[in-house]
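Now for the letters of each chain:
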Amino acid sequence: MAEASCRLSEVQFLCPICLDVFTDPVTTSCGHNFCKNCITENWNVNDQYMCPMCKNVFNTKPKLHVNTFISEMVAQFRQSAQQKASSSSSEQQVSKPGEVPCDVCTGTKLKALKSCLVCLVSYCETHLEPHLTASRLKRHQLIDPVENLEGRMCTKHNKPLELFCKTDQTCVCMLCSVLDHKMHDVVPLKEGHEEMKAELEAEIQQMIQERRLKIQEIKHSVDLSEEDADREIAEGVQVFTSLKESVERGLKELINTITEKQNTQELWAEDLIQELEQEISDLTKRSSEVEQLSCSEDHLHLLQSIQSMKVAPPTNDWTEVSTCPSSYEGTVVRAVAQLEETLSKEMKKLVKAELKRVQQYAVDVTLDPDTAHPKLILSDDGKQVNSGDVMKNLPNNPERFSLNPCVLGKQSFSSGSFYFEVQVKGKTEWDLGVARESINRKEDIPLSPEDGYWTIWLRKRIKYKALADPPVLLSLKSRPKKVGVFVDYEEGLVSFYDVDAAAFIYSFTGCSFTEKLFPYFNPGLNDGGKNSAPLIITHF
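Please read these numbers as outputs of a predicted model, since none were measured by experiment.

1. Here we look at the overall build of the chain
Phase 1 of the analysis: In terms of regular secondary structure, the chain is built from 9 helices and 24 strands.
Phase 2 of the analysis: Taking 2.2 N^0.38 as the reference for a compact globule, 540 residues should give roughly 24 Å; the C-alpha atoms of the chain span a radius of gyration of 55 Å, well beyond that estimate.
Phase 3 of the analysis: Considered along the principal axes of its C-alpha atoms, the chain spans approximately 195 × 85 × 35 Å.
Phase 4 of the analysis: Taking all 540 residues of the chain together, 31% fall into the buried category.
Phase 5 of the analysis: Contacts spanning at least 24 positions in sequence make up 55% of the contacts within the chain whose residues lie at least 6 apart.
Phase 6 of the analysis: With the model as given, the accessible surface of the chain reaches about 34600 Å², and the carbon-plus-sulfur share is 53%.
Phase 7 of the analysis: Put simply, the chain has 61 plus and 79 minus side-chain charges, and the middle of one group is 10 Å from the middle of the other.

2. A few points about the sheet that holds strand β1 (residues 25-27)
Phase 1 of the analysis: On the basis of which strands lie adjacent, the open sheet formed by 3 strands has the order β2-β1-β5 and antiparallel pairing. Since the sheet does not close on itself, it has two edges, and those belong to β2 (33-35) and β5 (65-66), each with one partner.
Phase 2 of the analysis: Strands β1 and β2 of the sheet are contacted by helix α2 (residues 36-45), whose axis makes an angle of about 90° with β2.

3. With respect to helix α7 (residues 189-294)
Phase 1 of the analysis: Along its 106 residues, α7 runs 150 Å from first to last C-alpha, staying within 8% of the 158 Å computed at 1.5 Å per residue.
Phase 2 of the analysis: Inspection of α7 places Gly192, Val239, Leu243, Ser246, Leu254, Leu272, Glu279 and Leu293 among the buried residues, and these make up the whole buried set.

4. Description of the pattern of salt bridges
Between side chains of opposite charge, pairing is possible as soon as their charged atoms come close.
Phase 1 of the analysis: All chains considered together, the criterion is met by 10 salt bridges.
Phase 2 of the analysis: A salt bridge links Asp180 to Lys156; the shortest N-O distance between them is 2.8 Å. Remark: Lys156 occurs in the loop between β8 (142-143) and β9 (163-165) and Asp180 occurs in the loop between α6 (174-178) and β11 (186-188); sequence separation between them is 24 residues.
Phase 3 of the analysis: Residue class for Asp180 comes out partly exposed when judged on its relative accessible area of 40%.
Phase 4 of the analysis: One salt bridge in this structure joins Lys214 and Glu217, with 2.9 Å as the shortest N-O distance. Here Lys214 and its partner Glu217 are both found in helix α7, 3 residues apart, which amounts to about one turn of the helix.

5. Brief notes about the layout of surface pockets
Phase 1 of the analysis: Approximately 610 Å³ is the volume found for the second largest pocket.
Phase 2 of the analysis: Forming the walls of the second largest pocket are 24 residues, and the residues nearest its centre are Arg231, Glu232, Glu235, Glu354 and Arg357.
Phase 3 of the analysis: In terms of residue class, the lining of the second largest pocket is made up of 12 nonpolar, 4 polar and 8 charged.

6. Some remarks on a nonpolar patch on the surface
Phase 1 of the analysis: Side chains of Leu200, Ile204, Met207 and Ile208 sit close together on the surface and give an oily, nonpolar patch of about 310 Å² of accessible area.
Phase 2 of the analysis: Mapping Ile208 onto the fold places it in helix α7.

7. Brief notes about the sheet that holds β8
Phase 1 of the analysis: Read across the open sheet, the 3 strands follow the order β7-β6-β8; overall the sheet is antiparallel. What marks the edges here is a single partner per strand, and that holds for β7 (121-123) and β8.
Phase 2 of the analysis: Examined bridge by bridge, strand β6 (residues 114-116) and β7 share 3 bridges and lie antiparallel to one another. Considered in β7, the bridge of Ser115 is made with Ser122.
Phase 3 of the analysis: Together, β6, β7 and β8 form the strand contacts of helix α4 (residues 125-133), whose direction differs from that of β7 by roughly 110°.

8. Quick notes on empty space enclosed by the protein
Phase 1 of the analysis: With the rule as written, the count across this model stands at 1 cavity of 30 Å³ or more.
Phase 2 of the analysis: Of the volumes computed, that of the largest cavity is approximately 40 Å³.
Phase 3 of the analysis: Classifying every residue of the lining of the largest cavity gives 5 nonpolar, 2 polar and 1 charged.

9. Brief notes about a negative patch on the surface
Phase 1 of the analysis: Together, Asp223, Glu226, Glu227 and Asp230 make up a negatively charged patch on the protein surface.
Phase 2 of the analysis: Tracing the sequence through the fold places Glu227 in helix α7.
Phase 3 of the analysis: Looking at Glu227, the relative accessible area reads 48%, which means it is partly exposed.

10. Some points on the nonpolar core
Phase 1 of the analysis: Ranked by size, the top nonpolar core spans 36 residues in total, and within it Trp430 and Phe521 carry the most contacts.
Phase 2 of the analysis: Setting aside residues up to four positions removed in sequence, Phe521 forms contacts with Val365, Leu367, Pro405, Cys406, Val407, Gly409, Phe420, Val422, Asp431, Leu432, Leu535 and Ile537.
Phase 3 of the analysis: Counting residues in each nonpolar core, the second largest holds 12 residues, with Phe13, Phe22, Val74 and Ala134 among its members.

11. Examining the pairing of strand β13 (residues 384-387)
Phase 1 of the analysis: One ladder, built from 3 bridges, connects strand β12 (residues 376-378) with β13; its direction is antiparallel. Its bridge partner being in β13, Leu376 is matched across the sheet by Ser387.
Phase 2 of the analysis: Here β12 hands over to β13 after 5 residues, with Gly382 in that stretch at a positive phi of 70°.
Phase 3 of the analysis: Relative to strand β24 (residues 535-537), β13 runs antiparallel, the two sharing 2 bridges. Among the inter-strand pairings, Gln384 is bridged to a residue of β24, identified as Ile536.

12. Observations regarding the confidence of the model for the chain
Phase 1 of the analysis: The pLDDT averaged across the chain works out to 84; a share of 90% of its residues lies at or above 70.
Phase 2 of the analysis: Below pLDDT 50 for its whole length, residues 1-8 participates in 2 contacts with residues either more than four positions away or in separate chains.

Rules and cut-offs
Residue numbers run consecutively from 1 along every chain, following the written order of its sequence. Residue-level local features of this predicted model are given only where pLDDT is at least 70; pairs of side-chain atoms are given and counted only at 80 or more, and the full residue set underlies all totals for whole chains, interfaces and linings. Just so you know, side-chain values use all the structure's heavy atoms and leave hydrogens and water out. In this text, helices come from DSSP runs of H or I with a minimum length of four residues, and strands from runs of E with a minimum of two, each type numbered from the N-terminal end. Two things to know: the radius of gyration comes from C-alpha atoms, and the globule rule equals 2.2 Å times the number of residues to the power 0.38. The classification of residues rests on relative accessible area computed with a 1.4 Å probe and restricted to protein chains. Under 20% of the type maximum is buried, over 50% is exposed, and intermediate values are partly exposed. In this analysis, two residues are considered to be in contact whenever any of their non-hydrogen atoms come within 4.5 Å of each other. Residue exposure ignores everything except the shown protein chains as possible cover, and the areas themselves are Shrake-Rupley values with a 1.4 Å probe. Positive charge is attributed to Lys and Arg, negative charge to Asp and Glu, and no charge count is given to His or to the chain ends. The location of each charge is read from NZ of Lys, CZ of Arg, CG of Asp or CD of Glu. A pair of strands is considered paired only if DSSP assigns at least 2 bridges between the two. All axes here are fitted lines through C-alpha atoms, helices being fitted over the stretch that makes contact, and every angle between N-to-C directions spans 0 to 180 degrees. Multiplying 1.5 Å by the helix residue count minus one yields the expected span of that helix. Only one rule defines a salt bridge in this text: a Lys or Arg side-chain nitrogen within 4 Å of an Asp or Glu carboxyl oxygen. Residues are called lining when one of their atoms sits within 4 Å of a cavity or pocket point, these points coming from a 1 Å grid over the protein atoms alone, where a cavity is a set in which a 1.4 Å probe fits but cannot get out and a pocket is an open set with protein on both sides within 12 Å along at least five of seven lines. Grid points are joined across faces, edges and corners, and a volume is the space filled by probe spheres set on the points. In this classification, the charged set is Asp, Glu, Lys and Arg, the nonpolar set is Ala, Val, Leu, Ile, Met, Phe, Trp, Tyr, Cys and Pro, and all remaining amino acids, among them Gly, are polar. Each patch is built from residues that are more than 30% exposed by relative accessible area and take part in no salt bridge. Like charges join if they lie within 9 Å; nonpolar side chains (Val, Leu, Ile, Met, Phe, Trp, Tyr) join within 5 Å. We define the nonpolar core as a collection of buried residues of types Ala, Val, Leu, Ile, Met, Phe, Trp, Tyr and Cys that are connected through side-chain atoms lying within 4.5 Å of one another. Every residue is assigned a pLDDT by the predictor, reflecting its confidence on a scale from 0 to 100.

What follows is the structure, encoded as structure tokens:
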């Protein structure tokens, strides 16, 4: 009951004009009470003297009387309200950084519970009370506390932003809807909010779905990568097991060969030693016989016996027998050569398998005539290029090479993997590889990764180089007739293969690609017809 009484008296002490507690309350002749300043200003701005409550019109300006009863009650109410505010302020939370403070509190700002979109003021629990009790204030729209309530007003017309212009995607006031946005599709904020919310939710769901699909793609990619890794490991284990077995077999054969040779040497030596020892035994026996004869006085018998001993001396001439140890020179070299041959065979199998894999990324490459040097001759199908002796009169467009006889492919690549093959048969010089889009085409720039080229070349018919930094001289077992070029953009890999020989030529690794890559071709100068054969992009 005390709380209800307090609320009733609080409502009774609100001025109907300012809706705040009376200040200097006065009473009109019709019996209604107002703040003295409020009713005075009301009559000053109107052409007639009328009671704002009962609409009673006075012919002359009424004399206002101080309502002593109301004044005393207001004083008591203010004192009670201050005590209540002091008590409640200790119970209510003080506004913290990041929270919306009450706009009415003086001194310590309490945390706002609601913001009024009509008053454009945020209220704490105490100052919110009139909006919960006064009938006129109850019609105001309260929302959860927000900062910058002025931002909810139209800066042009100083009216609340109550509408949403779908045409311009902006919030507008009532005047905007009939002036600046008259022909636009304007809806209430709630409807615009619902539509915008639905669109946003649809976009979010679409983005979620896209990301779920991307997760599936990534997982699938990981699965494929795992399968590739397992396959590569299996192939690697098979190859290295085979090589290990070959090495072990070769080592075993080497040891057996050397051991057998040593055993033969030992048997030969044993036979010779046995024979020599037998002869020594025979000679020792004969020496004993000679010594016995020397003791005899029968000189005739001595001479005759000595003659018979000379008749059968040892028959072997050991000075002619070689005693040099067996030679093992070349045994290890021959074993390693055999191992190298086995390794070469295994390497060829691996390259064949790798070629088969990268050829799955084969693309259809054609030459771009807009990039071709004026001396180059391109076939109508864009698959062949060779160098002529006549400089054609062509537009010097930015894409065209001006100094070196080069041409790019029409196709560009900025992700994934791609592969193409070029026939180089019959040529004495050529350049092949890929180049980035921003290469300098008007000056004599070195072919290097730093300048945007990943290439290999042939010069003087037999001199092959990978144009790395520094260049790498390539030692090839045979002259390639067809060169395969493979690029893995994300991996930063550019590899070259001798297709017919199934041999690996060279790889640029650890490359950092940030631009489009184009196939690059340079058939070299004609050289009086010695290098007239074309570079031919072959079909699969």
